[in-house]
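Spelled out from the first residue to the last, the chains are:
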Amino acid sequence: MNDENALLKQALLLDGSPDMIRKFYEGWSHTYDTDLVQDIGYIGPEIVADALCKKVSNHATILDAGCGTGLVGVELLKRKPGLIVDGVDLTPAMLAQSRQKGVYRKLNEADLNSQLTEFAHDFYDGTVSAGVFTNGHVGPNGLDGLIRVTKPGAPIVLTVRDSAWEVDGFKDKIEQLESENRTRTTSVTHSPYHTNEGIYCQLVVLEVV
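Residues numbered from 1 in each chain as written. Predicted model: local features only at pLDDT ≥ 70, side-chain atom pairs only at ≥ 80, totals over all residues. Heavy atoms only, no water.

Asks: Explain the overall build of the chain to me, please; I cannot follow it from the model alone.
Replies: Scanning the chain from terminus to terminus reveals nine helices and seven strands. In terms of overall dimensions, the chain is globule-like: its C-alpha atoms have a radius of gyration of 16 Å, near the 17 Å expected for 209 residues. Dimensions along the principal axes, computed over C-alpha positions, put the chain at roughly 45 × 35 × 30 Å. Counting all 209 residues of the chain, 54% fall into the buried class. In the form shown here, the chain has an accessible surface area of approximately 9,100 Å², with 49% of it arising from carbon and sulfur atoms. (Helix = DSSP H or I, 4+ residues; strand = E, 2+ residues; numbered from the N terminus. Rg over C-alpha atoms; globule rule 2.2 N^0.38 Å. Buried < 20%, exposed > 50% of the residue type's maximum accessible area, 1.4 Å probe, protein only. Areas by Shrake-Rupley, 256 points an atom, 1.4 Å probe, with all protein chains shown as cover.)

Asks: What is the right way to look at helix 7 (residues 142-149) in this model?
Replies: Quick reminder: α-helices carry 3.6 residues per turn. Residues three or four places apart thus point the same way. With respect to burial, helix 7 is a largely interior element, eight of its eight residues being buried. Within helix 7, the full set of buried residues consists of Gly-142, Leu-143, Asp-144, Gly-145, Leu-146, Ile-147, Arg-148 and Val-149. Tucked into the core, helix 7 has its buried residues touching strand 1 (61-65), strand 4 (126-133), strand 5 (155-161), helix 9 (170-179), strand 6 (183-194) and strand 7 (199-208). (Contact = heavy atoms within 4.5 Å.)

Asks: Teacher, can you tell me more about the nonpolar core here?
Replies: As a rule of thumb, soluble globular proteins bury nonpolar side chains together. The biggest cluster of nonpolar side chains holds 39 residues, and the ones touching the most others in it are Val-48, Ile-62, Leu-76, Leu-83, Val-128 and Val-157. Within the residue set of this core, elements represented by two or more residues are helix 2 (18-28), helix 3 (32-40), helix 4 (44-53), helix 5 (71-79), helix 6 (92-101), strand 4 and strand 7. Per-element accounting of this core gives the leading share, six residues, to helix 4. Core analysis: the next-biggest nonpolar cluster, separate from the first, contains 26 residues, Leu-146, Ile-156, Leu-177 and Leu-206 among them. (Core = buried A, V, L, I, M, F, W, Y, C linked by side-chain atoms within 4.5 Å.)

Asks: Explain the packing of helix 4 against helix 5 here, please?
Replies: Helix-helix packing: each pair is described by the crossing angle between the helix axes and the interaxial distance. Close contact between helix 4 and helix 5 brings their axes to 9 Å; oriented N to C, the two are set at 45°. Overall, the two elements helix 4 and helix 5 adopt an arrangement that is oblique. Helix-helix and strand crossings are classified by hand; for helix 4 and helix 5 the assignment is right-handed. Residue-level inspection shows Pro-45, Glu-46, Val-48, Ala-49, Asp-50, Leu-52 and Cys-53 of helix 4 in contact with helix 5, the latter providing Leu-71, Val-72, Glu-75, Leu-76 and Arg-79. A per-class count over the contact of helix 4 with helix 5 returns eight nonpolar, no polar and four charged. (Axes fitted to C-alpha atoms, helices over the stretch in contact; angles between N-to-C directions. Parallel < 35°, antiparallel > 145°, perpendicular 65-115°, else oblique. Left-handed = near helix turned anticlockwise from the far one by under 90°. Nonpolar A, V, L, I, M, F, W, Y, C, P; charged D, E, K, R; others polar.)

Asks: Where do I start with the side chain of Lys-173 in this structure?
Replies: Note on placement: Lys-173 falls in helix 9. Given a relative accessible area of 7%, Lys-173 falls into the buried group. Among the polar contacts listed, one links the side chain of Lys-173 to the side chain of Asp-144, at a separation of 3.0 Å. Lys-173 has contacts with Pro-140, Asn-141, Leu-143, Asp-144 and Arg-182, leaving out every residue within four places of it along the chain. (Polar contact = N/O pair within 3.5 Å; in protein donor to acceptor, adjacent residues only side chain to side chain.)

Asks: For this particular structure, what's the right way to read the packing of helix 7 against helix 9?
Replies: Taken N-terminus to C-terminus, the directions of helix 7 and helix 9 make an angle of 40°; their axes are 11 Å apart at the nearest point. Taken together, the axes of helix 7 and helix 9 are oblique relative to one another. Considering the relative orientation of helix 7 and helix 9, their crossing is right-handed. When helix 7 is examined against helix 9, the residues Leu-143, Asp-144 and Ile-147 are found in contact with a partner set consisting of Lys-173, Ile-174 and Leu-177. Its residues assigned to classes, the contact of helix 7 with helix 9 shows four nonpolar, no polar and two charged.

Asks: Explain the sheet that holds strand 4 here, please?
Replies: In a beta sheet, neighbouring strands are held together by backbone hydrogen bonds and run either parallel or antiparallel to one another. If you trace the seven strands from one edge of the open sheet to the other, you get 3-2-1-4-5-7-6, paired in mixed fashion. Since the sheet does not close on itself, it has two edges, and those belong to strand 3 (106-109) and strand 6, each with one partner. Geometrically, the sheet is characterised by an average inter-axis angle of 15° between neighbouring strands, direction not taken into account. Where strand 5 lies against strand 7, seven bridges are found, and the strand directions are antiparallel. The residue of strand 7 that forms the bridge with Val-160 is Gln-202. (Pairing = 2+ DSSP bridges.)

Asks: Help me out: how do you make sense of the packing of aromatic side chains in this one?
Replies: A ring pair, where both rings are aromatic, is described by two values, the distance of the centres and the angle of the planes. Within the structure shown, the criterion is met by three aromatic pairs. Between Tyr-42 and Tyr-193, the ring centres sit 5.5 Å apart and the planes meet at 80°, which makes this aromatic pair edge-to-face. Remark: Tyr-193 occurs in strand 6 and Tyr-42 occurs in the loop between helix 3 and helix 4; sequence separation between them is 151 residues. Assigned by exposure class, Tyr-42 and Tyr-193 land together as buried. Ring geometry for Phe-123 and Tyr-124: centres 4.8 Å apart, planes at 80°, overall edge-to-face. Owing to a relative accessible area of 37%, Phe-123 belongs among the partly exposed residues under this scheme. (Phe/Tyr/Trp six-rings, centres within 6.5 Å; stacked < 30°, edge-to-face > 60°.)

Spelled out as structure tokens, the structure:
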């Protein structure tokens, strides 16, 4: 196993502890883009940007939840340069990498497991999240915060790694949200995720009720 695969394997074994996640990604932040995009073939940012941009206007205000180094923000503005994109992430070192890309209106540190209580209700025209809802990171209840900050009728687009989809309760959570009339499930698509490793994800598109 090469170093990049070893880092990814280590990431999946994190226990959701904010301190552990911050420490791990602080050490990975400077090589993250190269390791994931070039070596692992990570296409999460591209697939979520494609899906979200089909659902929002050219000048929508978007939240990139768990923005990491800013890969999603770059892909969003490639498709719709007029978008206004805010980013949040748990790790200051990753936010520093995002800031260098110059695509975000503002960037804030936030724990997606905390329900984003510091953000306004019904504020964003769309919310997007790639690579966050996965083993050892943010669990299904992190969706509650995204719903709260996203306007009724607006889309939430996210990836859930296959290895977490059923085992970690994401499938059940999304079914529960629909049964409670909190979201409508527009689509769930089995999609390539790490193309160099044959790893897939569920690309989920929800509409907030």
